[in-house]
Amino acid sequence: MLVIVGYIVVVLSVFGGFALAGGHLAALWQPVEILMIAGGALGAFFVGNNGKAIKATLKALPTVFKGSKYTRTLYMDMMALLYELLTKIRKEGLMSVEADVDSPENSPLFTKYPTIMADHHIVEFLTDYLRLMVSGSMNAFEIENLMDNEIETHHHEGEVPVHVVAKLGDGLPAFGIVAAVMGVVHTMESVGIPPAELGILIAHALVGTFLGILLAYGFVGPLSSLLEQKVHESTKMFQCIKVTLLASINGYAPAIAVEFGRKVLFSTERPSFSELEAHVKGAKSR
């Protein structure tokens, strides 16, 4: 919703200001200029990226029109699940969660949290490291190093669409200049026409530069920033799981381990101690 609101503000401010200054909006409608800019940018998009990057970008773009799924409620569900799992391990031993880890979709603990089960990346990350804990063949340092490598890989993969969209936005002003130059070439070959008509051709040529810059900084460029923020949000969930599990491996009680995880969250989504405690108690009673 904020993306749409922002686009509306950009359009009203730029085109409204032009109209208030006495400009004719119809003069800005140049389909051929738009074709050259958009077509050139689209072609460069396909030339400059492999199939995986293109697929990842096309998959990521629709998410910019949706709100963040990483809400305070989701984080509290995650920490409540971690608390229940770690409590079970502390009372019954590591082997007690083996069935939950091997088949989370059939686990009474995991199925209590449908918001967590809806994200297979989170479930896979959590179950993989619980499985390593159950195996008992790795120490805390080794598991932490492996976690860091996986989180870094996830972050790099998530940043692929960010870089693709950013480069696409960076190229739009140049394609606007190309369109403007084409317009100037057309104008120069028409120097014999009356000055009034010549002025119209020059105006049409300058629209190309205007559209390239507007599309770059008003529409495409901000999307890369938004995609980057979404990548950071998704990474924070993995960091929360990592810190909580490592605290448990190092001998901390489940309540303290979950507190470690709470502390790494962004302040905007971090629940208070009492909020989390009440949520965990409510989840356990379900």
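Residues numbered from 1 in each chain as written. Predicted model: local features only at pLDDT ≥ 70, side-chain atom pairs only at ≥ 80, totals over all residues. Heavy atoms only, no water.

## Considerations on the packing of aromatic side chains
Item 1. Counted according to the given criterion, the structure contains 6 aromatic pairs.
Item 2. A ring pair is formed by Phe-125 and Tyr-129, whose centres lie 4.9 Å apart and whose planes are at 55 degrees; its orientation type is tilted. With Phe-125 and Tyr-129 both in helix α7 (residues 120-135), this residue pair falls 4 residues apart, about one helical turn.
Item 3. By relative accessible area, Tyr-129 is classed as buried at 2%.
Item 4. Connected via pairs of aromatic rings, a cluster forms that spans Phe-125, Tyr-129 and Phe-238.
Item 5. The lysine or arginine in question, Lys-236, covers the ring of Phe-266, its NZ or CZ lying 4.8 Å from the ring centre. (Phe/Tyr/Trp six-rings, centres within 6.5 Å; stacked < 30°, edge-to-face > 60°. Helix = DSSP H or I, 4+ residues; strand = E, 2+ residues; numbered from the N terminus. Buried < 20%, exposed > 50% of the residue type's maximum accessible area, 1.4 Å probe, protein only. Lys NZ or Arg CZ within 6 Å of the ring centre and 35° of its normal.)

## Quick word on a nonpolar patch on the surface
Item 1. A contiguous nonpolar patch, built from Met-1, Ile-4, Val-5, Ile-8, Val-9, Leu-12 and Phe-65 and spanning about 690 Å² of accessible area, is present on the exposed surface.
Item 2. Here Val-5 lies in helix α1 (residues 2-20). (Patch = residues over 30% accessible without salt bridge, like charges linked within 9 Å, V, L, I, M, F, W, Y side chains within 5 Å. Areas by Shrake-Rupley, 256 points an atom, 1.4 Å probe, with all protein chains shown as cover. Salt bridge = Lys/Arg side-chain N within 4 Å of Asp/Glu carboxyl O.)

## Points about α1
Item 1. In this model α1 runs 26 Å from its N-terminal to its C-terminal C-alpha over 19 residues, within 8% of the 27 Å that 1.5 Å per residue would give.
Item 2. One or two positions beyond α1, positive phi appears at Gly-22, with a value near 100 degrees. (Expected span 1.5 Å × (residues − 1).)

## A short note on the nonpolar core
Item 1. Ranked by internal contacts, the top residues of the largest apolar core, which has 42 residues, are Met-78, Leu-81, Leu-85, Ile-116, Leu-126, Leu-130 and Leu-245.
Item 2. Elements that contribute at least two residues to this core include exactly α4 (72-92), α7, α8 (140-188), α9 (195-249), α10 (254-263) and α11 (273-284).
Item 3. Dropping the residues within four chain positions of it, Leu-85 is found in contact with Val-97, Leu-109, Phe-110, Leu-126 and Leu-130.
Item 4. Among the nonpolar cores identified, the runner-up in size contains 20 residues, and Ala-179, Val-207, Ala-216 and Leu-223 belong to it. (Core = buried A, V, L, I, M, F, W, Y, C linked by side-chain atoms within 4.5 Å. Contact = heavy atoms within 4.5 Å.)

## Notes on the environment of Ala-80
Item 1. Within the fold, Ala-80 resides in helix α4.
Item 2. Considering only alpha carbons, one finds Ala-80 and Ala-179, 99 residues apart in sequence, at a separation of 57 Å.

## Quick word on the pattern of salt bridges
Item 1. The final tally for this structure, using the stated rule, is 8 salt bridges.
Item 2. In this structure, Arg-72 engages Glu-275 in a salt bridge whose closest nitrogen and oxygen atoms are separated by 3.1 Å. Here the residue Arg-72 occupies a position in helix α4, and Glu-275 occupies one in helix α11, the gap between them amounting to 203 residues.
Item 3. With a shortest N-O distance of 2.9 Å, Glu-84 and Lys-112 are connected by a salt bridge. Pair noted here: Glu-84 is in helix α4 and Lys-112 is in the loop between α5 (98-102) and α6 (114-117), with a separation of 28 residues, a long-range link.
Item 4. A single network of salt bridges, built from pairs that share partners, joins Asp-102, Asp-128 and Arg-131.

## A short note on the packing of α7 against α9
Item 1. Running from amino to carboxyl end, α7 crosses α9 at an angle of 20 degrees, the nearest separation of the two axes being 10 Å. On the basis of their axis angle, the class for α7 and α9 is roughly parallel. Note on packing geometry: the crossing formed by α7 with α9 is right-handed. On α9, the residues touching His-121, Ile-122, Phe-125, Leu-126, Tyr-129, Leu-130 and Met-133 of α7 are Met-237, Phe-238, Ile-241, Lys-242, Leu-245, Ser-248 and Ile-249.
Item 2. Taken together, the residues of the contact of α7 with α9 sort by class into 11 nonpolar, 2 polar and 1 charged. (Axes fitted to C-alpha atoms, helices over the stretch in contact; angles between N-to-C directions. Parallel < 35°, antiparallel > 145°, perpendicular 65-115°, else oblique. Left-handed = near helix turned anticlockwise from the far one by under 90°. Nonpolar A, V, L, I, M, F, W, Y, C, P; charged D, E, K, R; others polar.)

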